[in-house]
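Below, each chain spelled out in residue letters.
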Amino acid sequence: MSETAFARGEFKNFALRKQVYGEVKSRWGLGAQAAQHVIKKTCDAYATLKANLRAGNLGRSGSRRYRRAAEKPIAFRPQGAQPYDDRMLSWQIPDRTVSIWTTSGRVKNVAFTASPEQLATLALYRRGESDLLERDGMWFLNATCEVPEAPLNTAPVDFLGIDLGIVNIATTSDGEIMAGRELNRTRPRERSLRAKLQKKNTPSAKRRLKKRRRKEARRARDINHKIAKHVVAEAGGTSHALKAVGEGHPLLPHLRRMRAHRQSEPGLTGLVRVPELRIR
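Just so it is clear, the structure is predicted and the values come from calculations on it, not from any experiment.

## What to know about the pairing of strand β2 (residues 89-92)
For step 1, the next point in the chain: Only one face of β2 is covered, namely the one carrying L89 and W91; the face carrying S90 and Q92 has none of its residues buried.
For step 2, the next point in the chain: Note: β2 against strand β3 (residues 97-102), 4 bridges, orientation antiparallel. Counterpart to L89 in the pairing with β3 is I100.
For step 3, the next point in the chain: Counting the residues in the hairpin turn of β2 and β3 gives 4 residues, including R96, whose phi is positive at 55°.

Put into structure tokens, the structure is as follows:
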């Protein structure tokens, strides 16, 4: 389908649907809703590519990288996420099961696991589509939850300062340190293990490096999210506003200037990006 869209220059949902809808249903045995999602995913991918090309994220116009991206159809990975709406996926949250459409028919009573907090959020705030994806032999459902935000505090009585450091991820002006000995102990071990695997440079070492990289990334995102939520809740509960202190620079540029031994470690990026709820 991506090749058809590229060859005919049809990147709008309705226009591409008229061209490929019948073939998609008959060739792969998809239902009407699944076929529509496949077409929409293709159109969204080309819209993202066009935006990246226009913004210069893939190099200057005419450069080798620009041409490589613009002069061939988009290819999708077999393990790429597939969107599901409420017609194709239903949640039975009290039973912790889902009913999901597949090419072999609907599969019911598929168990999933989640923490009590995630289940409560899922029951109250789940909206729109969910994404099914496979990673490292495990299947995940990414559910989007629209949690209502508290009203902005436009008249704070004081500021809660945050000092972003290297040894400690963050320290507030109230004296609370957002890091501990347990976190700092893991950093040398992770660096040492990574260096040993890189030195071996065997196929099995590369597989282990890939697996560890993902594990470290998940760990960093988890710590980011927990610290960010804690800091924001602490400031909101005391009618304080947040302000980065130390060198007076914004949060993200500071994170980019951190030393090499912090490159794979957590930082307060969670303050500027809220992750989706992930259910495994």
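## A few points about the environment of S130
For step 1, the next point in the chain: Note that S130 resides in strand β5 (residues 126-135).
For step 2, the next point in the chain: Relative accessible area serves as the criterion here: at 1%, S130 is assigned to the buried category.
For step 3, the next point in the chain: When the C-alpha atoms of S130 and N142 are compared, they prove to be 5.5 Å apart, with 12 residues separating the residues in sequence.
For step 4, the next point in the chain: Aside from chain neighbours lying at most four places away, what touches S130 is Q82, P83, Y84, L89, W91, N142 and A143.

## Description of the pattern of salt bridges
For step 1, the next point in the chain: Tallied over the full model, the rule gives 6 salt bridges.
For step 2, the next point in the chain: The salt bridge partner of R27 is E23, with a shortest N-O separation of 3.8 Å. Linking R27 with E23, this pair stays in helix α2 (residues 13-28), spanning 4 residues, or about one helical turn.
For step 3, the next point in the chain: Judged by its relative accessible area of 57%, R27 is exposed.

## Describing the sheet that holds β3
For step 1, the next point in the chain: On the basis of which strands lie adjacent, the open sheet formed by 3 strands has the order β2-β3-β4 and antiparallel pairing. This sheet does not close on itself; its edge strands, each paired only once, are β2 and β4 (105-111). The average undirected angle you get between the axes of adjacent strands in this sheet is 15°.

## Observations regarding the confidence of the model for the protein chain
For step 1, the next point in the chain: Averaged over every residue, the pLDDT of the protein chain is 80; residues scoring 70 or more account for 81%.
For step 2, the next point in the chain: Mean pLDDT in the protein chain bottoms out at strand β10 (residues 277-279), which sits at 38, and peaks at β2, which reaches 94.
For step 3, the next point in the chain: The low-confidence segment residues 247-264 (pLDDT under 50) makes 27 contacts with residues lying over four places distant or belonging to another chain.
For step 4, the next point in the chain: Contacts from residues 267-280, a stretch scored under 50 in pLDDT, to residues over four places away or in other chains number 52 contacts.

## Overview of the nonpolar core
For step 1, the next point in the chain: Of all hydrophobic cores here, the largest spans 29 residues; its most connected members are L89, W91, F112 and L122.
For step 2, the next point in the chain: Secondary-structure elements contributing two or more residues to this core are α2, α3 (32-55), β2, β3, α5 (116-125) and β6 (138-145).
For step 3, the next point in the chain: When residues in this core are grouped by element, the largest group, 7 residues, is from α3.
For step 4, the next point in the chain: Core analysis: the second largest hydrophobic core is formed by 8 residues, L164, I169, I227 and V231 among them.

## Re α2
What sets the pattern is the α-helix's 3.6 residues per turn: residues three or four places apart point alike.
For step 1, the next point in the chain: With 16 residues, α2 ought to run about 22 Å at 1.5 Å a step, yet its terminal C-alpha atoms sit only 19 Å apart, falling short of that.
For step 2, the next point in the chain: Along α2, the largest kink reaches about 55° and is centred on V20.
For step 3, the next point in the chain: For α2, the complete set of buried residues consists of L16, V20 and V24.
For step 4, the next point in the chain: Those residues of α2 that are buried lie in contact with α1 (2-8) and α3.
For step 5, the next point in the chain: At the exit of α2 stands G29, carrying a positive phi of roughly 65°.

Rules of the game
Residues numbered from 1 in each chain as written. Predicted model: local features only at pLDDT ≥ 70, side-chain atom pairs only at ≥ 80, totals over all residues. Heavy atoms only, no water. Buried < 20%, exposed > 50% of the residue type's maximum accessible area, 1.4 Å probe, protein only. Helix = DSSP H or I, 4+ residues; strand = E, 2+ residues; numbered from the N terminus. Pairing = 2+ DSSP bridges. Contact = heavy atoms within 4.5 Å. Salt bridge = Lys/Arg side-chain N within 4 Å of Asp/Glu carboxyl O. Axes fitted to C-alpha atoms, helices over the stretch in contact; angles between N-to-C directions. pLDDT = per-residue confidence, 0-100. Core = buried A, V, L, I, M, F, W, Y, C linked by side-chain atoms within 4.5 Å. Expected span 1.5 Å × (residues − 1). Bend = angle between axes of the 7 residues up to and from the residue.

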